[in-house]
Amino acid sequence: MIEIKNLTKRFDKTIAINDLNCDIDEGTIFGLAGSNGSGKSTLLRTLSGVYEPDGGRIMIDGENAFDNHKIKERCAYIADYPYFFNDSTVEKMAELYRKLYMNWDEEYYLRLCAMFPIATNQKIINMSKGMQRQASLILAFATRPKYLFLDEIFDGLDPVIRKALKSILIEEVADRHMTCMIASHNLREIDDICDKIVLLHKGELVANNETDVLKNKMHKIQMAFHQAPDRKVIQSIHCEIISQVGNYFVVMAKGDIEEIMERLNGLNPAFIEAMPSTLEEVFINEMEGAGYGK
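Treat the numbers as computed from the prediction; the structure is a model and nothing was measured.

A. Spotlight on the overall build of the chain. Along the backbone of the chain there are eleven helices and 14 strands. Each of the three principal axes of the chain carries a C-alpha extent, and together these read 70 × 40 × 35 Å. Each of the 294 residues in the chain was classed as buried or not, and the buried ones make up 48%. The long-range share in the chain, meaning contacts at least 24 apart out of those at least 6 apart in sequence, stands at 68%. Just so you have it, the chain exposes about 14600 Å², and 48% of that area is on carbon and sulfur atoms. With 34 positive and 44 negative side-chain charges, the chain shows a separation of 4 Å between the mean positions of the two kinds.

What follows is the structure, given as C-alpha cells:
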C-alpha cells in the first residue's frame, strides 16, 4: 500500500505538489489525470524516489520511500521521456537489471522480447519514441515490480502495442496483485482499464475515487422533441447542453438520475435516454468545478 501524507514538493518558488493526501490500494490500476502543470509527473517521480519531498512523506509498505533501496527494488518507473545511456541496448540494460533486481524474471523477459517487436541489440537512443517505450516496458515488467509508475506511456505506441500493454497490465494486476499508476492526458486510453482515478489541479487533489463512482456522478442524456424548447428552459433545470442539432439535444447533469429524468420528461420529449458518461467528460466537469479554464 502507498500512503501519501501531506506531500509537498517545490521547485524554487513554484509549488508543484501542495499538501497532498492520498492512499493507493494494492492490486489496482490508478489513472492519474489533471490540468497541464498539475503535478502529475512530479508526483510519479516523487513516488519512485527520484525526488525527495520538501514536506510530508510517502510511505510504501509502511516504509519511507525516498533513498530506500529495499523499496525501490519493488518499484519500476517509466518517465514520459525515458533516459538511456548512449550505448544502451535492451540486452545491455537487461544485464544491468539482473544485478540490481532480485525479482528479475529471465523467462518473462524473453517472453516480453518476443511479444514486443524491437531489436534487443540495437542502440535504444536510435529507436523511435514508441520503440523506446517498448524497450522500457520490457525491462520494467521483467523486474516483476510490485508498484509500477507510468508517465504518458501510451504516447507513441501503435494500436496493436497499446492493446498488448493493456492486456499485460490487467494480467499482472490479476495474477500478482501489482499496483499501477498511469499518468495520461489521453483519458480515452485509460478509461477502460483504471479501477480508480486521481485528479490533480495546481498540485492539489480534486478527486480520488473509483472510476465508476466518478462516472455515475455525471449523467449524459440525449433527447429529441417534436418542437424544441428554448435552450434556457433546459438550462434552468441545471442541465448543461453539450450539443444541439435541430430538435435533438445532448445534455450533461449532476445529481439523482431519477429526479433529473423526471424534470426532463416534464418538457415532453418525443424520445429521451440516459447514456454512460466517459472519463473525459467527468474530467472536464471536475476541472471546471476546480476553476480550470475560467
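B. Focus on the sheet that holds strand β10 (residues 204–210). Taken in spatial order, the six strands make up an open sheet running β6-β7-β8-β3-β9-β10, and their pairing is mixed. Both outer strands of the open sheet, β6 (75–78) and β10, are each paired with one neighbouring strand and no more. Shown here is a sheet whose adjacent strand axes are inclined to one another by a mean of 15°, direction ignored. Relative to strand β8 (residues 179–183), strand β3 (residues 29–34) runs parallel, the two sharing four bridges.

C. Region of the structure containing helix α3 (residues 90–100). Buried within α3 we find V90, M93, A94 and Y97. Seen end-on, α3 carries its buried residues on one side only, within an arc spanning 105°. At its buried positions, α3 is contacted by α4 (106–115) and α5 (129–142).

D. Broad picture of the sheet that holds strand β11 (residues 218–224). Judged by pairing direction, the sheet is antiparallel, and its four strands sit side by side in the order β12-β13-β11-β14 without closing on themselves. At either end of the open sheet lies a strand with only one pairing partner, and these are β12 (239–245) and β14 (271–275). With strand direction ignored, the average angle separating the axes of adjacent strands in the sheet is 20°. Contacting β11, β12, β13 (248–254) and β14, helix α10 (residues 257–265) crosses the sheet at an angle of about 20° to β11.

E. Summary view of the packing of aromatic side chains. Tallying each qualifying case throughout the model produces six aromatic pairs. Measuring from ring centre to ring centre gives 5.2 Å for F11 and Y51, while their planes differ by 70°; the resulting arrangement is edge-to-face. Separated by 40 residues along the polypeptide, F11 in strand β1 (residues 2–11) and Y51 in the loop between α1 (40–47) and β4 (55–60) bring together distant segments of the chain. Judged by its relative accessible area of 33%, F11 falls in the partly exposed class. Aromatic side chains Y97 and W104 sit 6.3 Å apart centroid to centroid with 85° between the ring planes, which places their arrangement in the edge-to-face category. W104 carries the same exposure label as Y97, and that label is buried. Its guanidinium or amino end placed over the ring of F11, K9 lies 5.5 Å from that ring's centre, counting from NZ or CZ.

F. Expanded view of the side chain of S88. Among the structural elements, S88 can be located in the loop between β6 and α3. Given the relative accessible area of 3%, S88 is considered buried. Residues contacting S88, with those up to four places away along its chain left out, are M93, Q122, K123 and I124.

G. Examining the layout of surface pockets more closely. In this model, the largest pocket occupies a volume close to 730 Å³. What lines the largest pocket is a set of 23 residues, and nearest its centre among them are C75, A76, Y77, Y97 and Y101. Elements that contribute at least two residues to the lining of the largest pocket include exactly α2 (69–72), β6, α3 and α5. Looking at side-chain class alone, the lining of the largest pocket contains 17 nonpolar, four polar and two charged residues.

H. Spatial organisation of the environment of P269. Relative to the helices and strands, P269 resides in the loop between α10 and β14. Judged by its relative accessible area of 16%, P269 falls in the buried class. For the pair P269 and A224, spaced 45 residues apart in sequence, the C-alpha to C-alpha distance is 5.8 Å. If we ignore the near neighbours within four places in the chain, the residues touching P269 are A224, F225 and L264.

I. Main features of the nonpolar core. If you look at the biggest cluster of nonpolar residues, it comprises 52 residues, and the most contacted ones within it are L137, F141, L148, L150, L169 and I182. Broken down by element, the residue count for this core peaks at seven residues, all from α5. Each residue touching F141, except ones within four places of it in the same chain, is listed here: Y108, L112, L148, L165, I168, L169, E172 and M178. By size, the runner-up hydrophobic cluster in this structure holds 23 residues, among which are I58, M181, V198 and L200.

Parameters and conventions
- Residues numbered from 1 in each chain as written.
- Predicted model: local features only at pLDDT ≥ 70, side-chain atom pairs only at ≥ 80, totals over all residues.
- Heavy atoms only, no water.
- Helix = DSSP H or I, 4+ residues; strand = E, 2+ residues; numbered from the N terminus.
- Buried < 20%, exposed > 50% of the residue type's maximum accessible area, 1.4 Å probe, protein only.
- Contact = heavy atoms within 4.5 Å.
- Areas by Shrake-Rupley, 256 points an atom, 1.4 Å probe, with all protein chains shown as cover.
- Lys, Arg positive; Asp, Glu negative; His and termini not counted.
- Charge placed at Lys NZ, Arg CZ, Asp CG, Glu CD.
- Pairing = 2+ DSSP bridges.
- Axes fitted to C-alpha atoms, helices over the stretch in contact; angles between N-to-C directions.
- Arc of directions from axis to C-beta.
- Phe/Tyr/Trp six-rings, centres within 6.5 Å; stacked < 30°, edge-to-face > 60°.
- Lys NZ or Arg CZ within 6 Å of the ring centre and 35° of its normal.
- 1 Å grid on protein atoms, 1.4 Å probe; cavity = no way out; pocket = protein on both sides within 12 Å on 5 of 7 lines; lining within 4 Å.
- Points joined across faces, edges and corners; volume = space filled by probe spheres on them.
- Nonpolar A, V, L, I, M, F, W, Y, C, P; charged D, E, K, R; others polar.
- Core = buried A, V, L, I, M, F, W, Y, C linked by side-chain atoms within 4.5 Å.

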